[in-house]
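Residue-level listing of the chains:
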Amino acid sequence: MNKLNQKQMKNIKGEGISVGAVAMIGGVIAFIVGVFDGYTRPYRCR
C-alpha cells in the first residue's frame, strides 16, 4: 500500500450526495407535504 501525498489527497473525489442536496430535497418534500395538508385540511385563521 502506498501513502498519498497532499496533492494526491486533494484529487480524491467522493461519489456520495452532498449535505446541501439532502437539505434541499428534505425542504422540497416538507413544502409539498405542507401544501397538500393545507388543501386537505383547511383551517380558518384564528
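Here, every reference points to the structure presented above.
K.L.:
Could you give an account of the overall build of the protein chain, naming the residues involved and the relevant values?
P.N.:
Helix and strand counts for the protein chain stand at two helices and zero strands. The principal-axis extent of the C-alpha atoms belonging to the protein chain is close to 65 × 20 × 10 Å. The buried share among the 46 residues of the protein chain stands at 0%. Of the roughly 5100 Å² of accessible surface on the protein chain, 64% is carried by carbon and sulfur atoms.

K.L.:
Could you give an account of the pattern of salt bridges, naming the residues involved and the relevant values?
P.N.:
What the rule picks out here adds up to one salt bridge. Of the charged contacts in the structure, one is a salt bridge between D37 and R41, with a shortest N-O distance of 2.9 Å.

K.L.:
Please set out a nonpolar patch on the surface residue by residue, giving values where relevant.
P.N.:
Nonpolar side chains collect at one region of the surface, where M24, V28, F31, I32, V35 and Y39 lie side by side and expose about 700 Å² of accessible area between them. Of note, V35 is situated in helix α2 (residues 19–40).

K.L.:
Break down the environment of I32 for me, citing the residues and quoting the values.
P.N.:
Within the secondary structure layout, I32 lies in helix α2. Taking the C-alpha atoms as reference points, I32 and Y43, eleven residues apart in sequence, are found 17 Å from one another.

K.L.:
Requested: an account of the environment of V19, with residues and values cited.
P.N.:
Among the secondary structure elements, V19 is positioned in helix α2. Each C-alpha atom, one on V19 and one on M9, is 21 Å from the other, the two residues being ten residues apart in sequence.

Reading the values: the criteria
Residues numbered from 1 in each chain as written. Predicted model: local features only at pLDDT ≥ 70, side-chain atom pairs only at ≥ 80, totals over all residues. Heavy atoms only, no water. Helix = DSSP H or I, 4+ residues; strand = E, 2+ residues; numbered from the N terminus. Buried < 20%, exposed > 50% of the residue type's maximum accessible area, 1.4 Å probe, protein only. Areas by Shrake-Rupley, 256 points an atom, 1.4 Å probe, with all protein chains shown as cover. Salt bridge = Lys/Arg side-chain N within 4 Å of Asp/Glu carboxyl O. Patch = residues over 30% accessible without salt bridge, like charges linked within 9 Å, V, L, I, M, F, W, Y side chains within 5 Å.

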